[in-house]
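# Observations on chain architecture
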Amino acid sequence: TAAAPRPRLGSVQLAACAAWTLGGNDNGSMITAAPRLYPHMWSWDTAFISIGLAHLNVDRAVRELETLLAAQWRNGMLPHIVFSEGGGYFPGPERWGAAELNSDAPDAPRTSGICQPPVHAIALRRIVDIGAGAASTARLLAEGWPKLYRWHEWLVRHRDPHGTGMLGIVHGWESGMDNSPRWDDPYSAVVPGQDLPPYVRLDRRVASAAERPSDLEYDRYLWLIEEMRKVRYDAAQVVRTSSFLVGDVFVTAVFALASEVLATLGKESGQPAWQVRQLRGWAHRSRRAVVAAYSPQTGLARDYDRRANRWLTTRTIAGFAPLLCGGLDAEDEAAMLARILGPDWAGHPDLFAAIPPSVSPNDPGFRPREYWRGPVWPVIAWLFGWAFEQRGWTDEASRLRAECLRLTGDGAFGEYYHPLTGEPLGSRHQSWTATVVLDWLH
Ligand code: 2M8
């Protein structure tokens, strides 16, 4: 697969394109994740989107995060989708039925009944830094911080009830990496029942079938929703009854990192000292769980299938989770940093740009066009780059940034990219891709 020549915009044009993309995805009440494929608000997309927006208009960035936070469930959960008035996505609010079944869910706006990786405190940090001194950022910090604290508390209470530090997920969608090979084993135990109500997929009207999950995968995704509906999205029961329950090492590392960030923001802004201490304690415990998931055999950290009681040794980008939150001993950490930059990952000689893809091109399961099974995701690269900077790996962070700008420099803002040719795949004009580009350009 030879790389086709692709146009490259100058940085001013590229920033203008990114701003235009975000403006185009603004439906008046929210910035949707993508124009046609995802016409609603997604939890972790919105965290990233608000970072890019902060460079354009900090008040607008604040409003975006506030819109998401306003949909927080009364029990503290931040839902993975906040639905706009429009349709065009399946499963929509009727299929989820969250507000009908659970009194903790808001009636308006409508939401889904699961969550996504807790990156929001990182967005708060970025917005507060970019918009220092603005009245809106001060308001966001004062009113948003306690909401994020409750969100983290919900995760600890319901997704780590035994205090292991490792957070569980009850649906692959909660990982954000829907059809990653990480979940093939646990999904093989999810057997859709005869009573799975019929449905029509809408995603393949926009993205080609080869770039989306299979029908069998979708049956399983929808079956897990049926299981949750049966227990009315009661968080404690969902964890007991879902046929999918996995300790997610990537979500756990994000949680450790974000809890540390939230603690620091809380300390700076005079939040109660006991809550700040508690956040640091959660961060510490989850960091230890990430380190305990590290496998010297693969040199990567593993997920844990709680239904089958076994470690999952699939090798994907998520295995580099310890680089996000730290905690490995110095030697293992240096080896892991070298590995993500080395020939199996970002340094693979056939890559279009030196960015770690979702699955290594050397892995037998590598599928370069298929969603979370091989493509490069700029937003994931942003997260690693940001963490690298926090860890003091500034050269590595700026090289990654330069490579990402090379990949995304045509202004298409693909949802994901073919790692070998650089072709944009999935949706075009994807908000979170535009937004991380804006942040890289500043
Ligand atoms: C993808 O997930 C949704 C379901 O949540 C879908 O395929 O319909 C994932 O890439 C997820 O991480 C992302 O938040 C979402 C919107 O961009 O799309």
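Bear in mind that the values here come from a model prediction, so they are computed numbers and not experimental data. (Residues numbered from 1 in each chain as written. Predicted model: local features only at pLDDT ≥ 70, side-chain atom pairs only at ≥ 80, totals over all residues. Heavy atoms only, no water.)

We now examine the overall build of the protein chain. The secondary structure content of the protein chain amounts to 18 helices and ten strands. A compact globule built from 442 residues should have a C-alpha radius of gyration of about 22 Å, and the protein chain, at 20 Å, falls within 12% of that. For the protein chain, the C-alpha atoms occupy an extent of roughly 50 × 50 × 45 Å along the three principal directions. The buried share among the 442 residues of the protein chain stands at 62%. When contacts within the protein chain are restricted to residue pairs at least 6 apart in sequence, those whose partners lie at least 24 apart make up 71%. Carbon and sulfur atoms make up 51% of the accessible area of the protein chain, which amounts to about 16200 Å² in all. (Helix = DSSP H or I, 4+ residues; strand = E, 2+ residues; numbered from the N terminus. Rg over C-alpha atoms; globule rule 2.2 N^0.38 Å. Buried < 20%, exposed > 50% of the residue type's maximum accessible area, 1.4 Å probe, protein only. Contact = heavy atoms within 4.5 Å. Areas by Shrake-Rupley, 256 points an atom, 1.4 Å probe, with all protein chains shown as cover.)

Let us now look at the packing of aromatic side chains. Centre distance and the angle of the planes are the two values used to describe a pair of aromatic rings. As enumerated under the stated definition, the model contains 32 aromatic pairs in all. On the basis of an interplanar angle of 0° and a centroid distance of 5.4 Å, the ring pair of Phe-90 and Tyr-199 is categorised as stacked. Here Phe-90 is found in the loop between strand S2 (81-82) and helix H4 (93-96), whereas its partner Tyr-199 is found in the loop between helix H9 (184-188) and helix H10 (215-230), with 109 residues between them in sequence. Taken together, Trp-44, Phe-48, Tyr-371, Trp-372, Trp-377, Trp-382, Trp-386, Tyr-416 and Trp-432 form an aromatic cluster joined through their ring pairs. Cation over ring: Arg-212 sits above Tyr-371, and NZ or CZ is 4.6 Å from the ring centre. (Phe/Tyr/Trp six-rings, centres within 6.5 Å; stacked < 30°, edge-to-face > 60°. Lys NZ or Arg CZ within 6 Å of the ring centre and 35° of its normal.)

In space, the four strands of this open sheet follow the order S3-S4-S7-S8, with antiparallel pairing throughout. Looking at the sheet topology across the chains shown, the edges are occupied by strand S3 (168-169) and strand S8 (310-312). (Pairing = 2+ DSSP bridges.)

Neighbouring the ligand are 17 residues, the closest being Asp-45, Tyr-89, Gly-176, Asp-178 and Tyr-371. Tyr-371 is positioned such that a nitrogen or oxygen atom in its side chain is 2.5 Å from an oxygen atom of the ligand. Contact with the protein chains removes 100% of the 420 Å² of surface that the ligand exposes when unbound. For the shell around the ligand, the per-class residue count stands at ten nonpolar, four polar and three charged. (Near = heavy atom within 4 Å. Polar contact = N/O pair within 3.5 Å; in protein donor to acceptor, adjacent residues only side chain to side chain. Nonpolar A, V, L, I, M, F, W, Y, C, P; charged D, E, K, R; others polar.)

With twelve residues, helix H15 (residues 330-341) ought to run about 16 Å at 1.5 Å a step, and its terminal C-alpha atoms sit 17 Å apart, in line with that. Within H15, burial applies to Glu-333, Met-336, Leu-337 and Ile-340. Buried residues of H15 fall within an arc of 100° about the axis and therefore sit on the same side. For H15, the elements touching its buried residues are strand S5 (294-295), strand S6 (300-301), helix H14 (321-325), helix H16 (378-391) and helix H17 (394-408). (Expected span 1.5 Å × (residues − 1). Arc of directions from axis to C-beta.)

Turning next to unusual backbone geometry. Residue Pro-91 follows Phe-90 across a cis peptide bond; omega there is 0°. Tracing the chain through its elements places Pro-91 in the loop between S2 and H4. Cis geometry marks the peptide bond from Ala-108 to Pro-109, where omega comes out at -5°. Inspection of the secondary structure puts Pro-109 in the loop between helix H5 (98-101) and helix H6 (120-130). Of note in the backbone geometry, Arg-232 takes a positive phi value of approximately 55° without being a glycine. Along the chain, the position of Arg-232 falls in the loop between H10 and helix H11 (235-241). The backbone of His-429 sits at a positive phi, close to 55°, despite the residue not being glycine.

By secondary structure assignment, the location of Leu-400 is in helix H17. Taking the C-alpha atoms as reference points, Leu-400 and Ala-354, 46 residues apart in sequence, are found 7.1 Å from one another.

With that settled, consider the nonpolar core. Phe-250, Ile-380 and Phe-384 are the most contacted members of the largest nonpolar core, which has 147 residues in total. At 13 residues, the largest contribution of residues to this core is made by helix H12 (residues 249-268). Setting aside its immediate chain neighbours within four residues, Phe-384 contacts Phe-250, Ile-317, Phe-320, Leu-323, Leu-324, Ile-340 and Leu-400. (Core = buried A, V, L, I, M, F, W, Y, C linked by side-chain atoms within 4.5 Å.)

One can find Glu-226 in helix H10. Sequence-distant contacts of Glu-226, defined by excluding residues within four places in its chain, comprise Arg-95, Leu-196 and Pro-197.

It is worth spelling out the pattern of salt bridges at this point. Tallying each qualifying case throughout the model produces 30 salt bridges. A salt bridge links Glu-64 to Arg-60, with the shortest nitrogen-to-oxygen separation between them at 2.7 Å. Highlighted residues: Glu-64 and Arg-60, both in helix H3 (residues 58-70), separated by four residues, approximately one helical turn. In terms of burial, Glu-64 and Arg-60 fall into one category: buried. Two residues, Asp-129 and Arg-125, come together in a salt bridge whose shortest N-O distance is 3.0 Å. (Salt bridge = Lys/Arg side-chain N within 4 Å of Asp/Glu carboxyl O.)

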